[in-house]
Amino acid sequence: MAAGRVFQFRDARWRPDPVLGPSPAVRTPQPVPLVIDNGSFQARAGWACSDPDVPGEPLLCFRSLAARSRGARGGAGAETQVGNDLGSPEPLRWLLRSPFDRNVPVQLELQELLFDHVFQRLGVASQGCVDHPIVLTEAVCNPLYSRQMMSELLFECYQVPKVSYGVDSLYSLYHNRKQHWPCSSLIVSSGYQCTHILPVLEGRLDAKNCKRINLGGCQAAVYLQRLLQLKYPGHFAAITLSRMEEILHEHSYIAEDYIEELQKWRSPEYYESNVHKMQLPFSSKLLSSTLTTEEKQERRQQQLRRLQELNARRREEKLQLDQERLDRLLYVQELLEDGQMDQFHKALVELNMDSTEELQSYINKLSLAIEQTKQKILQAEVSIEVDVVDSKPETLDLDPLGSEQSLEDVESIPEFEPLFAEEQPEIEKPVTTVEPVFNLAEYHQLFLGTERIRVPEILFQPSLIGEEQAGIAETMQYVLDRYPKEQQAKLVQNVFLSGGNTMYPGLKARIQKELLEMRPFQSSFQVQLASNPVLDAWYGARDWALEYVNREEGWITRKDYEEKGGEYLKEHCASNVYVPIRLPKQAPRTAEALAPAKVLAASVGNPCDQV
């Protein structure tokens, strides 16, 4: 991709997974294993079959999400959609649910929905059960309770004949293994929720020294969304998590030296040549450009007519209000003529007047204002010209000077009406040729500068997002320090990178730089990136299933499940280490301990006899 280009968001919709017909090759001469890579970001499923008619790649790849709709208005019940059937996650973001907490499945009812989706779309033809062996991935050091619930779901609900559990990163190492196996390796596995540092000695996982960092692609996407929403508050709603994941997958990279790379971004030339501009969708149609001159003139006439009607209503309301005030003042004057002095003085106090002369003055001025308003109403009915609305307050100013000044202003308003009519064409003229003062497309662009390196850097510096954790380099150093120098040399000879979050450009060079700083002078090490960090876990599980399908090693049968419990695990080269539940043993009851109890029972005797 050329630097400085403008990139469009794809906003691709997920295509629903097709229902695949059952292939005879997966059932004859015996049912072949079904391999499921149960990832917290994406689930992948396919057959482990050596027949060339069966594809040797995952047939299903879908997000590990489910959403339950509210149901149609016609009375139809709620419908649950899984994976790619959702179409797009953003409209349903607040309804989405995942069976995973971090990378451990804890919501087994949602996990059952994912299994139903897999078995239905792969065309499992058996009635009432799934008669295929299952190869399933699980988290590193998976809790026994989670494995117990998963085994219970597979054996009790689906009646599977046997199941095998393995770690995804170990399967990936198994798929990318060289000629010599078993081997030692230091695996750096970074996924959607977590990052693991796994030491493997002679082909077996050393579970005691495994370390986990609670950072992955999910935290990076949320961090990038927060940065861009603060940078572009005008496009808050358009900066969605799906678009942030697209930016991370296609436009981010890891700097070999973070501080030095930031110094490069301070240069305007470097910024202009390396900034990526993400184009948000927008509409370029302007309202002024869609109207013709006749339509604009007609709209202007409609506005003038509405203004005339508004002026007429205001004059009528003002006339009615002034008439009510005049009637009130005339009623007070009648009290004076009838000789009701007490009521007259009380009414003057209510009107805030001091004398009869002041009352008479207000009556004269109010009568004059009413006459002028009536004349204006009559002129407006017979005139076709637009009257300018007086901007003076509607209430009558009882101050004599103020009332005279307002009447003079009212009389002088018609002198300005011809000027207003002459200026109309000058106002109308520039509207037809108006141009935006800014580039509308550029306004809807997100400029990605240092965000391209700042967000992936949280894998090495979690403190950037306020996490009190060690980064990848520090954790690798901590794990290596727990071994003697001979084993350290073996581990660093095969530093293996796996997982979807290790696909950032520059990650391998950054790991090499960190190892060069932490290892002794002139010591050797090798860093290997998985051939396909996303799918190698599934390919490795398929390779293992083809090799061990007719062996007992690694397979948990239904008999094992019933005898040893759901948490039982048969170890193999790509599995976790099985640590059985050890209940504390009760101390044996000796004869000396039983003697006091017998004496107490003899002293108490039979309760019935005592009664």
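Nothing here was measured: the structure is a model prediction, and the numbers come from that model. (Residues numbered from 1 in each chain as written. Predicted model: local features only at pLDDT ≥ 70, side-chain atom pairs only at ≥ 80, totals over all residues. Heavy atoms only, no water.)

Peer 1: Explain the overall build of the protein chain to me, and be specific about the residues and the numbers.
Peer 2: Each helix and strand counted, the protein chain has 21 helices and 19 strands in total. In the protein chain, the proportion of contacts linking residues at least 24 apart, taken out of those at least 6 apart, comes to 71%. For the protein chain, the accessible surface area stands at approximately 34500 Å², while carbon and sulfur atoms represent 53% of it. (Helix = DSSP H or I, 4+ residues; strand = E, 2+ residues; numbered from the N terminus. Contact = heavy atoms within 4.5 Å. Areas by Shrake-Rupley, 256 points an atom, 1.4 Å probe, with all protein chains shown as cover.)

Peer 1: Hey, could you go over the side chain of Asn176 for me, with residue numbers and the actual values?
Peer 2: Considering the arrangement of structural elements, one finds Asn176 in the loop between helix 3 (168-175) and strand 11 (185-190). On the basis of relative accessibility, which here comes to 12%, the residue Asn176 falls in the buried class. A polar atom in the side chain of Asn176 sits 3.2 Å from the backbone nitrogen of Ser531. Of note is the side chain of Asn176, whose polar atom sits 2.9 Å from the side chain of Asp536. When near neighbours in sequence (up to four residues on either side) are disregarded, Asn176 contacts Phe496, Gln528, Ala530, Ser531 and Asp536. (Buried < 20%, exposed > 50% of the residue type's maximum accessible area, 1.4 Å probe, protein only. Polar contact = N/O pair within 3.5 Å; in protein donor to acceptor, adjacent residues only side chain to side chain.)

Peer 1: Kindly report on the packing of aromatic side chains, identifying the contributing residues and their values.
Peer 2: Counted according to the given criterion, the structure contains 11 aromatic pairs. Taken together, a centroid distance of 4.8 Å and an interplanar angle of 45 degrees make the contact between Phe41 and Tyr192 tilted. Of this pair, Phe41 sits in the loop between strand 2 (34-38) and strand 3 (42-47) while Tyr192 sits in the loop between strand 11 and strand 12 (195-201), and the two are 151 residues apart along the sequence. Relative accessible area serves as the criterion here: at 24%, Phe41 is assigned to the partly exposed category. When the ring of Phe119 is compared with that of Tyr158, the centres are 5.0 Å apart and the planes differ by 75 degrees; the resulting orientation is edge-to-face. A residue pair is termed long-range when its members are at least 10 positions apart, and Phe119 in helix 1 (residues 108-121) and Tyr158 in the loop between helix 2 (144-157) and strand 10 (162-167) qualify at 39 residues. Since its relative accessible area comes to 7%, Phe119 is described here as buried. Site record: aromatic cluster; members linked through ring pairs are Phe115, Phe119 and Tyr158. (Phe/Tyr/Trp six-rings, centres within 6.5 Å; stacked < 30°, edge-to-face > 60°.)

Peer 1: Lay out the pattern of salt bridges in plain terms, naming residues and giving numbers.
Peer 2: Per the counting criterion, the structure on display carries 21 salt bridges. Across the pair Glu250 and Arg10 runs a salt bridge, and its minimum N-O distance is 2.1 Å. In this pair, Glu250 sits in helix 5 (residues 241-251) while Arg10 sits in the loop between strand 1 (6-8) and strand 2, placing the two residues 240 residues apart along the sequence. When its relative accessible area of 53% is taken as the criterion, Arg10 is described as exposed. The salt bridge involving Arg510 is made with Glu457; its shortest N-O contact spans 2.8 Å. Taken together, the residues Arg510 in helix 17 (residues 507-518) and Glu457 in the loop between helix 14 (451-454) and helix 15 (472-480) connect sequence positions 53 residues apart. (Salt bridge = Lys/Arg side-chain N within 4 Å of Asp/Glu carboxyl O.)

Peer 1: Describe the pairing of strand 3, listing the residues and the values that go with them.
Peer 2: Within a regular strand, side chains alternate between the sheet's two faces. The buried count for strand 3 comes to six of six residues, which makes it a mostly enclosed element. Of the two faces of strand 3, the one holding Gln42, Arg44 and Gly46 and the one holding Ala43, Ala45 and Trp47 are both buried throughout. When strand 2 meets strand 3, the two strands line up antiparallel, connected through five bridges. Looking at strand 3, one finds that Val35 is bridged to Gly46. Where strand 3 lies against strand 4 (residues 60-63), four bridges are found, and the strand directions are antiparallel. The partner of Arg44 across the bridge, within strand 4, is Cys61. (Pairing = 2+ DSSP bridges.)

Peer 1: Kindly report on the state of the cysteines, identifying the contributing residues and their values.
Peer 2: Throughout this description, disulfide means a covalent bond between two cysteine sulfur atoms. Enumeration according to the criterion identifies zero disulfides in this entry. No disulfide involves Cys141; its sulfur sits 4.8 Å from that of Cys210, the nearest cysteine. For Cys141, a relative accessible area of 42% translates into the label partly exposed. (Disulfide = S-S within 2.5 Å.)

Peer 1: How would you explain the sheet that holds strand 3 if you had to name every residue and give the values?
Peer 2: Read from one edge of the open sheet, six strands run 4-3-2-9-10-19, paired in mixed fashion. Of all the strands in the sheet, just strand 4 and strand 19 (556-557) have a single pairing partner and so form its edges. Helix-sheet contacts for helix 3 involve strand 2, strand 9 (134-138) and strand 10, and the interaxial angle to strand 10 is about 85 degrees. (Axes fitted to C-alpha atoms, helices over the stretch in contact; angles between N-to-C directions.)

Peer 1: So what's going on with the packing of helix 4 (residues 217-231) against helix 5? Which residues, and what values?
Peer 2: At their nearest, the axes of helix 4 and helix 5 sit 9 Å apart, and the two run at 110 degrees to each other. In terms of orientation, helix 4 lies roughly perpendicular with respect to helix 5. Contacts from Gly217, Ala220, Ala221, Val222, Leu224, Gln225 and Leu228 of helix 4 reach helix 5 at Leu241, Met244, Glu245, Ile247 and Leu248. Class assignment of the residues belonging to the contact of helix 4 with helix 5 gives a composition of nine nonpolar, two polar and one charged. (Parallel < 35°, antiparallel > 145°, perpendicular 65-115°, else oblique. Nonpolar A, V, L, I, M, F, W, Y, C, P; charged D, E, K, R; others polar.)

Peer 1: Any chance you could break down the nonpolar core for me, citing the residues and the numbers?
Peer 2: The biggest cluster of nonpolar side chains holds 45 residues, and the ones touching the most others in it are Leu228, Ile472, Met476 and Ile511. When residues of this core are traced back to their parent elements, those giving at least two are strand 11, helix 4, helix 5, strand 16 (445-448), helix 15, helix 16 (485-492), strand 17 (495-498) and helix 17. Looking at this core element by element, the count peaks at six residues for helix 4. Ile472 has contacts with Val188, Thr195, Ile197, Ile213, Leu459, Phe460 and Ile511, leaving out every residue within four places of it along the chain. (Core = buried A, V, L, I, M, F, W, Y, C linked by side-chain atoms within 4.5 Å.)

Peer 1: Account for the sheet that holds strand 15 (residues 276-279), naming residues and giving values.
Peer 2: Reading across from one edge, 1-15-16 is the order of the three strands in this open sheet, with mixed pairing throughout. Only two strands of the sheet have a single partner each, and these edge strands are strand 1 and strand 16. When the angles between neighbouring strand axes are averaged without regard to direction, this sheet yields 30 degrees.

Peer 1: Talk me through helix 5; I want residue IDs and the actual numbers.
Peer 2: Each α-helix winds once per 3.6 residues, and so residues spaced three or four apart point in a common direction. All of the buried residues in helix 5 are Arg243, Met244, Glu245, Glu246, Ile247, Leu248 and His251. Next to the buried residues of helix 5 lie strand 1, strand 4, helix 4, strand 15, strand 16 and helix 14.

Peer 1: Tell me about the packing of helix 3 against helix 18 (residues 536-548), and name the residues and values.
Peer 2: One can describe the packing of helix 3 onto helix 18 by two numbers: an axis separation of 7 Å at closest approach and a directional angle of 70 degrees. The angle between helix 3 and helix 18 falls in the class roughly perpendicular. Of helix 18, the residues touching helix 3 (which contributes Asp168, Tyr171, Ser172, Tyr174 and His175) are Asp536, Ala537, Tyr539, Gly540, Ala541, Asp543, Trp544, Glu547 and Tyr548. Looking at side-chain class alone, the contact of helix 3 with helix 18 contains seven nonpolar, three polar and four charged residues.

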